[in-house]
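Examination of the molecular architecture
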Amino acid sequence: MFTGIIESTGTLKSITEVGGDVRLVIESDDLDFSDVKLGDSIASNGVCLTVVDMDSNSYAVDVSRETLAKTAMNNWQQGDTLNLEKAMLPTTRFGGHMVSGHVDGVGTVEVMTEDARSIYIEISIPEALKKYAATKGSITVDGISLTTNLVKDNIICLNIIPHTAEVTNIARHWKVGGPVNIEVDLIARYLERLTAVAAD
């Protein structure tokens, strides 16, 4: 479980095909690795990945074809900047919202422009996910817990404050036409399921 509060960014150092799957090595001089061990989970651009190898400032993860097909990972390239968050502890301050690290779909950045000191962004999300998006609701984009200003059909509108732009990959990596990982609010998803079961 994660909160969507990015701890640091990292650099995708290598992408290697291994037996039909892919192994990634991600490096970060800012992430605290002192409490990371093999088997731990680190959300990388919002994708929950398991550490299979590591050293003092990098970790390796294996990525299945299912994950490649359901996320924006197919567009990742060596040198890309990724948002990183270690799995939360029971004592962690809950600064964002409940994030599972299981990506629901891939969105596309449609608009990205300056708005005073903020960055105004519009992202189109898959049609199947728009029912989970709500104005002033929570949504996870590339692992970042964000609040939607407005929802217009399948378009979510966001304002990114300077601090968020600085500590994530938004200003450096996002661009109009680019793909982003979308995870909808867990509570909305469970409410839908509970309602459906109750109606049966």
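A brief structural summary. Fair warning: this is a prediction, and the values are worked out from it, not measured in the lab. (Residues numbered from 1 in each chain as written. Predicted model: local features only at pLDDT ≥ 70, side-chain atom pairs only at ≥ 80, totals over all residues. Heavy atoms only, no water.)

1. Things to note about the packing of aromatic side chains
Going by this rule: The rule is short: rings of Phe, Tyr and Trp, with Trp giving its six-membered ring, pair when the centres are within 6.5 Å, and they are stacked under 30 degrees, edge-to-face over 60, tilted in between. The numbering of helices and of strands both runs from the N terminus, where a helix is a DSSP run of H or I of at least 4 residues and a strand a run of E of at least 2. Note on exposure labels: buried denotes an accessible area under 20% of the residue type's maximum, exposed denotes more than 50%, and partly exposed covers the range between, all computed with a 1.4 Å probe on protein chains only.
A complete count under the given rule lists one aromatic pair for this structure. Ring geometry for F33 and Y59: centres 6.2 Å apart, planes at 50°, overall tilted. Here F33, found in the loop between β2 (21-27) and β3 (41-44), pairs with Y59, found in strand β5 (residues 58-63); they are 26 residues apart in sequence, far enough to count as distant. Each member of the pair, F33 as well as Y59, carries the same accessibility label: buried.

2. Notes on a nonpolar patch on the surface
For the record, the criterion: What makes a patch is a set of residues exposed beyond 30% relative accessible area and free of salt bridges, joined within 9 Å when like-charged and within 5 Å when nonpolar (Val, Leu, Ile, Met, Phe, Trp, Tyr). To measure how exposed things are, a 1.4 Å probe is used in the Shrake-Rupley method; for residues, cover is taken only from the protein chains shown. The working definition used for a salt bridge is a side-chain nitrogen of Lys or Arg within 4 Å of a carboxyl oxygen of Asp or Glu.
A cluster of nonpolar side chains, contributed by M1, F94, M98, I187, L191 and L194, occupies part of the molecular surface with about 580 Å² of accessible area. When you line up the elements, I187 lands in helix α4 (residues 186-199). I187 sits in the partly exposed class, given a relative accessible area of 44%.

3. Considering the sheet that holds strand β1 (residues 8-18)
To keep it simple, the criterion reads: Pairing between two strands requires that DSSP report at least two bridges joining them. Think of each axis as a best-fit line through the C-alpha atoms, taken over the contacting stretch in the case of a helix, with angles from 0 to 180 degrees between the N-to-C directions.
Read around the barrel, six strands follow the order β1-β2-β5-β4-β3-β6 and close on themselves; strand pairing throughout is antiparallel. Each strand axis lies, on average, 45° off the axis of its neighbour in the sheet, ignoring direction. In terms of strand pairing, β3 meets strand β6 (residues 81-86) through three bridges, oriented antiparallel. By the bridge assignment, S44 is partnered in β6 with L84.

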